[in-house]
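Structural description and commentary
Below, each chain spelled out in residue letters.
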Amino acid sequence: MNLAAVQKSGKNQGRYLGETIRAGEWLEKMEFTGARNGWTGELIAKSENFPVKAWHLPARVPSPGNLRVYISAGIHGDEPAGPLAAHDLMAFTPWPDNVELWILPCLNPGALEHNRRENAQGLDLNRDFRDSKTHECRSHVAWLERQKPWDIYFCLHEDWESHGFYLYEQNPDDRPSLAEWIIQEVGKVCPIDLSENIEGRTAHNGIIRPNIHPLERPDWPEAFYLISHKSRQGYTLEAPSDFPLPMRVRALTTAVLAGIHRLAGLCGHPIPGQPVQA
Ligand SMILES: [Zn+2]
């Protein structure tokens, strides 16, 4: 594909006005795909009568040294590529033997149904992970508190204003970064936003490394909770929602697969074969 020829649609004026999906139909598909591929779903909250689930896939070869991976999507209902990418990741097979996964494919399905960023009360769940006020975040945090830490997290998002894919990296211990590798792989399927300033932060080649201490900020996004309590490395992935939906979904799945395979390799685990898109 000639990515240089891909144009922004220009559809999104002031907010996301692109393709939408029906939450009920998508949830039915998730149940089918989850059951078919060996995932177990756990109900963790309700969102306007839609279930919010955490799906778990054990490693094929159980071992205490397995790579524990957390993936979430759909916290903003006007970002449909995240839940669609989460579905494709649950359909993906085979994962490396040593990888154990948790996917929370849609944290705000009521908002997904209405193509709306916030929950039914008009609150942005991705600003409510410190002293949570919303029942959705309180239930989510209660579930998170019961889990062991993850080696890595990925939070899947979209940005209707961006000129291409970009990501935020949280890596307080200076572990080997996956950011450049993820950008390199995503750049084969989706344009990268090369702006030097994205969302008011310094960016370089689609990578933002925010220099904020979580304790300085009252309105925590999910990533701040995760990096403060549950993981020491993680990526918030932003697909450009003024571009075609299949391209955005592919960008998000490619980013996650590239990150996991690289990390599995960096940890000294063998990677059985190259990932093949399901
Ligand atoms: Zn978002």
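A brief structural summary. In this numbering scheme, every chain counts its residues from 1 along its sequence in written order. pLDDT decides what is reported in this predicted model: residues at 70 or higher carry local features, side-chain atom pairs at 80 or more are listed and counted, and totals for whole chains, interfaces and linings draw on all residues regardless. Side-chain calculation: all heavy atoms of the structure are included, whereas hydrogens and water are not.

1. Focus: the overall build of the protein chain
This is how it is decided: The secondary structure listing takes helices from DSSP runs of H or I that are at least 4 residues long and strands from runs of E that are at least 2 residues long, numbered from the N terminus. Only protein chains enter the area calculation, which uses a 1.4 Å probe; residues under 20% of their type maximum are buried, those over 50% are exposed, and those in between are partly exposed. Residue contacts follow a heavy-atom distance rule, with two residues in contact if any of their heavy atoms lie within 4.5 Å. Residue burial considers only the protein chains on display, and all accessible areas are found by Shrake-Rupley using a 1.4 Å probe. Positive: Lys, Arg. Negative: Asp, Glu. His and the chain ends are not part of the count. To locate a charge, the coordinates of NZ of Lys, CZ of Arg, CG of Asp or CD of Glu are taken.
Within the protein chain one finds seven helices and ten strands. Each of the three principal axes of the protein chain carries a C-alpha extent, and together these read 50 × 40 × 40 Å. Expressed as a percentage of the 278 residues in the protein chain, the buried residues total 56%. A separation of at least 24 residues holds for 77% of the contacts in the protein chain among residues at least 6 apart in sequence. A total of about 12,300 Å² of accessible surface is found on the protein chain, and carbon and sulfur atoms cover 51% of it. One finds the centroid of the 28 positive side-chain charges in the protein chain at a distance of 3 Å from the centroid of its 35 negative side-chain charges.

2. Some thoughts on the environment of E185
If you trace the backbone, E185 turns up in helix α5 (residues 179–186). Residue class for E185 comes out buried when judged on its relative accessible area of 17%. In this structure, E185 is in contact with T254 and A258, ignoring residues within four places of it in sequence.

3. Description of helix α4 (residues 135–145)
Put simply, the rule reads: This arc is taken over the directions from the axis of the helix to the C-beta atoms.
Of all the positions in α4, only E136, C137, H140, V141, W143 and L144 are classed as buried. The arc that holds the buried residues of α4, viewed along the axis, is 160 degrees, so those residues lie on one side. Where α4 is buried, its residues touch β1 (40–47), β2 (50–57), β3 (67–73), β4 (99–104) and α6 (222–230).

4. What to know about the nonpolar core
Condition: By nonpolar core is meant a set of buried Ala, Val, Leu, Ile, Met, Phe, Trp, Tyr and Cys residues that side-chain atoms within 4.5 Å join together.
In this structure, F154, F165 and L237 are the most contacted members of the largest nonpolar core, which totals 57 residues. By residue number, the principal contributor to this core is helix α7 (residues 245–266), which donates eleven residues. Listed in part, the 24 residues of the second largest apolar core include V52, Y70, Y225 and I227.

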